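Summary of the model geometry
One-letter residues, chain by chain:
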Amino acid sequence: MHCWLVKSEPYKYSFAQLLADKRAVWDGVRNYEARNNLRAMKKGDLLLFYHSNEGKAVVGIARVAREAYPDPTAAGEDWSAIDIEPVIALKAPVELEVIKSDPFLTDIALLKRSRLSVVPVSAEHFEHVLALGKTKLPVRKTRRT
């Protein structure tokens, strides 16, 4: 499993809306590197959900529910979309200023590749952001066969 960070302007699509919708198409990505990151995602990968522009904070955790497929908003073009589902809202949003000031996060892709809307995140950075957000992932139930 890999970890990622996805950005959304909350007035366009917020984490609260994802919680209400229970599943969403993540489309409209128009950068080749970000598109390739979408294509590298696997079902079950975890996502830090970042509110950009307004709020500028990691506010929740989502999960890849469907791997990359042709973006329905880009007819005839080579762009990709994924489906995501919410996992949990962070108990405390982790603001950009906190991320910038934390020595452990100096190499996080959010800072190094700040213009991209989809970036990989190391497991260590992911866990650190969760800790800053005072949040633990819920235990995922598995079926026994």
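Structural data are supplied above this passage.
Let me begin by describing the structure that accompanies this report. (Residues numbered from 1 in each chain as written. Predicted model: local features only at pLDDT ≥ 70, side-chain atom pairs only at ≥ 80, totals over all residues. Heavy atoms only, no water.)

Moving on, we come to the overall build of the protein. A tally of regular secondary structure across the protein gives 5 helices and 6 strands. When the helices and strands of the protein are listed from N to C terminus, the series reads β-α-β-α-β-β-β-α-α-β-α. Over its C-alpha trace the protein gives a radius of gyration of 15 Å, about what one expects of a compact globule, namely 15 Å for 145 residues. If one aligns the C-alpha atoms of the protein with their principal axes, the spans along those axes are about 45 × 45 × 25 Å. Out of the 145 residues in the protein, the part that is buried amounts to 47%. When contacts within the protein are restricted to residue pairs at least 6 apart in sequence, those whose partners lie at least 24 apart make up 68%. For the protein, the accessible surface area stands at approximately 8,400 Å², while carbon and sulfur atoms represent 51% of it. One way to put it: in the protein the 23 positive side-chain charges average out to a point 5 Å from where the 18 negative ones average out. (Helix = DSSP H or I, 4+ residues; strand = E, 2+ residues; numbered from the N terminus. Rg over C-alpha atoms; globule rule 2.2 N^0.38 Å. Buried < 20%, exposed > 50% of the residue type's maximum accessible area, 1.4 Å probe, protein only. Contact = heavy atoms within 4.5 Å. Areas by Shrake-Rupley, 256 points an atom, 1.4 Å probe, with all protein chains shown as cover. Lys, Arg positive; Asp, Glu negative; His and termini not counted. Charge placed at Lys NZ, Arg CZ, Asp CG, Glu CD.)

Quick look at the side chain of Thr-135 now. Looking at the secondary structure, you find Thr-135 in the segment after helix H5 (123-132). One polar contact links the side chain of Thr-135 to the main-chain carbonyl oxygen of Gly-133, over a distance of 2.7 Å. When residues no more than four places from it in sequence are discounted, the contact partners of Thr-135 are Ile-88, Ala-89, Leu-90, Lys-91 and Leu-130. (Polar contact = N/O pair within 3.5 Å; in protein donor to acceptor, adjacent residues only side chain to side chain.)

Turning to the sheet that holds strand E2 (residues 24-26), a few remarks are in order. As summarised here, the arrangement of the 6 strands in space is E2-E5-E4-E3-E1-E6, forming an open sheet in which the pairing is mixed. Of all strands in the sheet, those bounded by a partner on one side alone are E2 and strand E6 (118-121). This sheet shows a mean twist of 40° between the axes of neighbouring strands, independent of strand direction. For strand E3 (residues 46-51) and strand E4 (residues 57-70), the ladder comprises 6 bridges, and the chain directions are antiparallel. Within the sheet, the bridge partner assigned to Phe-49 lies in E4 and is Gly-60. Its contacts with the sheet put helix H2 (residues 32-40) on strand E1 (3-8), E2, E4, strand E5 (80-95) and E6, and the angle it makes with E6 is roughly 55°. (Pairing = 2+ DSSP bridges. Axes fitted to C-alpha atoms, helices over the stretch in contact; angles between N-to-C directions.)

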